[in-house]
Amino acid sequence: MILEFESINNIRDLGGIKCADGRRVKRGLLLRSGDLSRASDGDIFRLEEEYAVSDVIDLRDEWETKEKPDRLPGGAEYHNMPAFPPFEEQGELVYENLVKSFADDPLSSYKSLYKRLAQNDHSKEVYSRFMKTVIGASGTVLWHCRQGKDRTGVAAILLLTALGADERDIIADYLETNDAVRPMLEKMEKNGASREELDYARLHGLVMEECVAVYFDTVKNEHGSLMEYITGELGITQDDIEKLREKYLDM
């Protein structure tokens, strides 16, 4: 469900999504968003008072957090968990090579990114820590990356899978980013943004179903199912899953 905040982009509540045994995610406990660097005083007040956010999980790289540090709700514990595979000194993951690939063939580059997020050992370790942090949180959890769509979207896919959501509903949540971002694109167009600016914003602000399909296909082809991936590659136990469901699903 898309939430209306003053200055936090793409902020949503997973509450209401149908999961295991017909139960639904409790409202107000699992929030996903873009970064909190531009959060207004009113936004911070709502995160504190209305949602009682206890943990903020930032999936951005360290250089991104330094460039645009989060504004945090009072009392919230901050966790920086860079989800992208680390840059390399040579090869495909050299920063300059990645920048060039996204400029030359963005769709293929995004597909490759999702495949790496499924396969890379560093990313697996980060998403394992993400899941365990959500399980151990004392209140509402908010997780985000820069725009709240790719790294954040993968985190939501894993979390909803563990909670027992249907794949169609998981993909629907992933694609809801587009509904959240379109008003911003319309505002840009109304304010006279150039075609190049609009094309760039659409390309990097919207999500593509082809990308999430790559993530699902990679995991299924290599591990059988997303749940087997979560319990095997991420080390989330059945006991962890039961705790997660007891905590975040209604009765």
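The text that follows walks through the structure, step by step, so that each part is easy to find. No experiment lies behind these values; they were computed from the predicted model shown.

## What about the overall build of the chain?
For the chain, the count of helices and strands is 11 helices and five strands. Relative to the globule expectation of 18 Å for 251 residues, the C-alpha radius of gyration of the chain, 18 Å, shows essentially globular dimensions. In terms of its C-alpha atoms, the chain occupies a principal-axis envelope of roughly 50 × 45 × 30 Å. Per-residue burial over the chain gives 51% buried out of 251 residues. In the chain, 71% of the contacts between residues at least 6 apart in sequence involve partners at least 24 apart. Carbon and sulfur atoms make up 48% of the accessible area of the chain, which totals about 12100 Å². Taken together, the 33 basic and 49 acidic charged side chains of the chain have centroids lying 2 Å from each other.

## Digging into unusual backbone geometry
At D21, a residue that is not glycine, the phi angle is positive and equals roughly 60°. Mapping D21 onto the fold places it in the loop between β1 (12-13) and β2 (30-33). Among the residues examined, D21 registers a relative accessible area of 72% and is labelled exposed. With a phi angle near 50°, A52 is a residue other than glycine that sits in the positive phi range. Checked against the element boundaries, A52 lands in the loop between α1 (41-49) and β3 (53-58).

## What about the packing of aromatic side chains?
Counted under the stated rule, the structure contains three aromatic pairs. Ring plane angle 35° and centroid distance 6.1 Å describe the contact between F5 and Y51, whose orientation is recorded as tilted. Within this pair, whereas F5 is found in the segment before β1, its partner Y51 is found in the loop between α1 and β3, the two being separated by 46 residues in sequence. For the pair F5 and Y51, a shared accessibility class is recorded, and that class is buried. Measuring from centroid to centroid gives 5.4 Å for F130 and W143, while their planes differ by 70°, and the two rings are edge-to-face. With a gap of 13 residues between them, F130 in helix α5 (residues 121-136) and W143 in strand β5 (residues 140-144) connect regions that are remote in the sequence. Seen from the ring of F5, R46 lies directly overhead, with NZ or CZ sitting 4.0 Å from the centre.

## Things to note about the environment of L198
Residue position: L198 is located in helix α8 (residues 195-205). Exposure remark for L198: the relative accessible area of 7% places this residue in the buried category. Separated by 133 residues in the primary sequence, L198 and T65 place their C-alpha atoms 25 Å from one another. L198 has contacts with L185, M188, E189 and A193, leaving out every residue within four places of it along the chain.

## Regarding the side chain of N10
Position of N10 among the secondary structure elements: in the segment before β1. The exposure class of N10 is buried, given its relative accessible area of 6%. A distance of 3.2 Å separates a polar side-chain atom of N10 from the backbone oxygen of Q147. Engagement of the side chain of N10 in a polar contact is seen with the backbone oxygen of G148, the distance being 3.0 Å.

Definitions and cut-offs
- Residues numbered from 1 in each chain as written.
- Predicted model: local features only at pLDDT ≥ 70, side-chain atom pairs only at ≥ 80, totals over all residues.
- Heavy atoms only, no water.
- Helix = DSSP H or I, 4+ residues; strand = E, 2+ residues; numbered from the N terminus.
- Rg over C-alpha atoms; globule rule 2.2 N^0.38 Å.
- Buried < 20%, exposed > 50% of the residue type's maximum accessible area, 1.4 Å probe, protein only.
- Contact = heavy atoms within 4.5 Å.
- Areas by Shrake-Rupley, 256 points an atom, 1.4 Å probe, with all protein chains shown as cover.
- Lys, Arg positive; Asp, Glu negative; His and termini not counted.
- Charge placed at Lys NZ, Arg CZ, Asp CG, Glu CD.
- Phe/Tyr/Trp six-rings, centres within 6.5 Å; stacked < 30°, edge-to-face > 60°.
- Lys NZ or Arg CZ within 6 Å of the ring centre and 35° of its normal.
- Polar contact = N/O pair within 3.5 Å; in protein donor to acceptor, adjacent residues only side chain to side chain.

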